[in-house]
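Here are the chains, one letter per residue:
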Amino acid sequence: MAKSVKTIGVLTSGGDAPGMNAAIRGVVRTAIHQGLKVKGIMRGYAGLLQEEIVDMDSTSVSDIIHRGGTILYTARCMEFTTPEGQEQGAEICRKHGIDGIVVIGGDGSFRGAGKLAALGINTIGVPGTIDLDIACTDYTIGFDTAVNTAMEAIDKIRDTSTSHERCSIIEVMGRNAGYIALWCGIANGAEDILLPERYDGDEQALINRVIENRKRGKKHNIIINAEGIGHSASMARRIEAATGIETRATILGHMQRGGTPTCKDRVYASIMGSKAALLLAEGKSNRLVAYKNGDYVDFDIQEALNMKKDIQEDQYEIAKMLVR
Ligand code: ADP
Ligand code: F6P
């Protein structure tokens with residue numbers, strides 16, 4: 001049964017993602033428009049347990065839409081994975097008069113959100129992660145900025161790789177998912193794309209393709225490797241030893257998570273944040289805001305967490321076709 005809320009909290013949890021600030025702004029301004037009070041919970045669930053809770057008004061979110069990172073900071077918190085930690089979190093919400101929460105984060109954060117909902121705090125999740133690895137949604141906040149940042153960096157590496165007629169392995173983030181690698185692979189016209197979802201570990205085949213490409217006159221050889229596979233430095237050494245072609249590894253790392261959010265991330269994050277606050281204002285709980293088949297929708301948190309997601313095979317096949 002719908003339970004009305006008067007005061008809501010908002011937190012960011014897990015890895016930060018460009019666009020999280022736009023989502024926070026969407027939550028805060030929409031909630032105020034709906035006549036709700038808003039509190040910011042600093043440093044995710046860790047800050048909740050430490051009662052790092054601040055009042056927010058419309059001006060608290062001024063001048064942030066274009067900024068990367070999260071003004072609320074973020075953290076990972078083991079204590080909140082325990083039933084005692086969750087009960088304490090719900091108790092702290094009640095103590096501060098918080099009867100609804102928007103959790104902006106990834107799958108782990110939503111597990112926590114589901115627990116809070118079960119303990120009577122109305123909870124709505126908003127997908128914020130550069131990894132795009134949340135099954136119920138075609139879009140996650142930060143992915144667009146991250147792939148654009150990575151793409152630009154890879155273009156630069158390509159210039160020097162061509163000049164030196166080298167092979168380059170470039171490792172991109174994504175945890176166990178290969179979406180960033182696949183998108184960069186296509187956008188940067190990479191010679192090879194190694195995805196955790198598809199890589200069979202056949203390094204000899206990879207080496208053979210490097211040799212073949214050089215015979216066909218390719219000056220560079222860009223291999224995009226997903227962090228879920230890793231080992232880029234040792235792979236580079238083995239490729240160089242086997243092919244005689246100078247090979248360098250670059251791990252792009254956390255640069256992919258920072259920077260000013262793209263237009264897409266600002267707009268989608270603003271709308272998702274706003275939708276989350278509207279769901280709370282309607283008395284909804286235990287829902288995840290998602291973008292599916294061109295529409296903003298919402299799912300039951302547990303159903304969403306049970307969904308599975310995989311790289312689209314046709315996209316992977318096309319990516320492979322375009323490098324030949
Ligand atoms: P993400 O949300 O990006 O997937 P994590 O997996 O690190 O990032 O999760 C973020 C936080 O969510 C964790 O540090 C923890 O506080 C909370 N969390 C993760 N899993 C659970 C769980 N099973 N139950 C409750 N809280 C969880
Ligand atoms: O989930 C986002 C992400 O950047 C992943 O791509 C990566 O595996 C992880 O977070 C890195 O986490 P940390 O910043 O804690 O090293």
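All values derive from a computational prediction rather than experimental measurement.

*Asks:* Outline the layout of surface pockets, listing residues and values.
*Replies:* Considering only enclosed or pocket space, the largest pocket measures out at about 700 Å³ in volume. Looking at the largest pocket, it is lined by 32 residues, and the ones nearest its centre are G14, R76, G108, S109 and R175. Counting residues per element, the lining of the largest pocket draws most heavily on helix α4 (residues 107-118), which supplies 6 residues. Across the lining of the largest pocket, the residue classes break down as 7 nonpolar, 15 polar and 10 charged.

*Asks:* Explain the sheet that holds strand β6 (residues 167-172) residue by residue, including any values.
*Replies:* Pairing is parallel in the open sheet, where 4 strands are placed in the order β7-β8-β6-β9. In this open sheet, the two strands that pair with only one neighbour each are β7 (192-194) and β9 (247-251). Strand-to-strand twist of the sheet, defined as the mean angle between neighbouring strand axes without regard to direction, takes the value 15 degrees. Judged from the 6 bridges that link them, β6 and strand β8 (residues 221-226) form a sheet pairing that is parallel. Each residue of the ladder has a partner; that of I169, found in β8, is I223. Helix α8 (residues 232-243) contacts β6, β7, β8 and β9 of the sheet and is inclined by roughly 170 degrees relative to β9.

*Asks:* I'd like a rundown of the packing of helix α1 (residues 20-33) against helix α9 (residues 263-281), residues and numbers included.
*Replies:* Between α1 and α9, whose axes approach to 7 Å, the crossing angle comes to 35 degrees. The handedness of the crossing between α1 and α9 comes out as right-handed. Residues A22, A23, R25, G26, V27, T30 and A31 of α1 lie in contact with α9, whose contacting residues are R266, A269, S270, G273, S274, A277 and L278. Residue composition of the contact of α1 with α9, grouped by class: 7 nonpolar, 5 polar and 2 charged.

*Asks:* Provide a residue-level description of α1, including the pertinent values.
*Replies:* Counted at 1.5 Å a residue, the expected span for α1 with its 14 residues is 20 Å, and the 20 Å between its end C-alpha atoms agrees. Burial analysis of α1 places 10 of its 14 residues in the buried class, which makes it a mostly covered element. Taken together, the buried positions of α1 are M20, N21, A22, A23, I24, G26, V27, V28, T30 and A31. Looking at the buried positions of α1, the neighbouring elements they touch are β1 (7-12), β2 (37-41), β3 (53-56), β4 (100-105) and α9. Downstream of α1 by one or two residues, G35 has phi in the positive range, about 85 degrees.

*Asks:* Explain unusual backbone geometry residue by residue, including any values.
*Replies:* The phi torsion at D63 lies on the positive side, around 65 degrees, for a residue other than glycine. Topologically, D63 is positioned in the loop between β3 and α3 (83-95). Of note in this structure, L132 is not a glycine but carries a positive phi near 60 degrees. Inspection of the secondary structure puts L132 in the loop between β5 (122-127) and α5 (143-163). A residue is classified by how much of its surface remains accessible, and L132, at 7% relative accessible area, is buried.

*Asks:* Residue-level account of the site of ligand 1, with values.
*Replies:* Around ligand 1 there are 16 residues in total, and R76, C77, G106, G108 and S109 lie nearest to it. A distance of 3.0 Å separates an oxygen atom of ligand 1 from a polar backbone atom of G108. Within the side chain of S109, a nitrogen or oxygen atom sits 2.5 Å from an oxygen atom of ligand 1. Contact with the protein chains hides 81% of the accessible area of ligand 1, taken as 550 Å² for the molecule alone. The cavity that encloses ligand 1 is the largest pocket. Considering only residue class, the shell around ligand 1 consists of 3 nonpolar, 9 polar and 4 charged.

Criteria and cut-off values
- Residues numbered from 1 in each chain as written.
- Chains lettered and ligands numbered in written order.
- Predicted model: local features only at pLDDT ≥ 70, side-chain atom pairs only at ≥ 80, totals over all residues.
- Heavy atoms only, no water.
- 1 Å grid on protein atoms, 1.4 Å probe; cavity = no way out; pocket = protein on both sides within 12 Å on 5 of 7 lines; lining within 4 Å.
- Points joined across faces, edges and corners; volume = space filled by probe spheres on them.
- Helix = DSSP H or I, 4+ residues; strand = E, 2+ residues; numbered from the N terminus.
- Nonpolar A, V, L, I, M, F, W, Y, C, P; charged D, E, K, R; others polar.
- Pairing = 2+ DSSP bridges.
- Axes fitted to C-alpha atoms, helices over the stretch in contact; angles between N-to-C directions.
- Contact = heavy atoms within 4.5 Å.
- Left-handed = near helix turned anticlockwise from the far one by under 90°.
- Expected span 1.5 Å × (residues − 1).
- Buried < 20%, exposed > 50% of the residue type's maximum accessible area, 1.4 Å probe, protein only.
- Near = heavy atom within 4 Å.
- Polar contact = N/O pair within 3.5 Å; in protein donor to acceptor, adjacent residues only side chain to side chain.
- Areas by Shrake-Rupley, 256 points an atom, 1.4 Å probe, with all protein chains shown as cover.
- Sits in = over half its atoms within 2 Å of the grid points.

Geometric descriptors of this kind do not, in isolation, establish any biological role.
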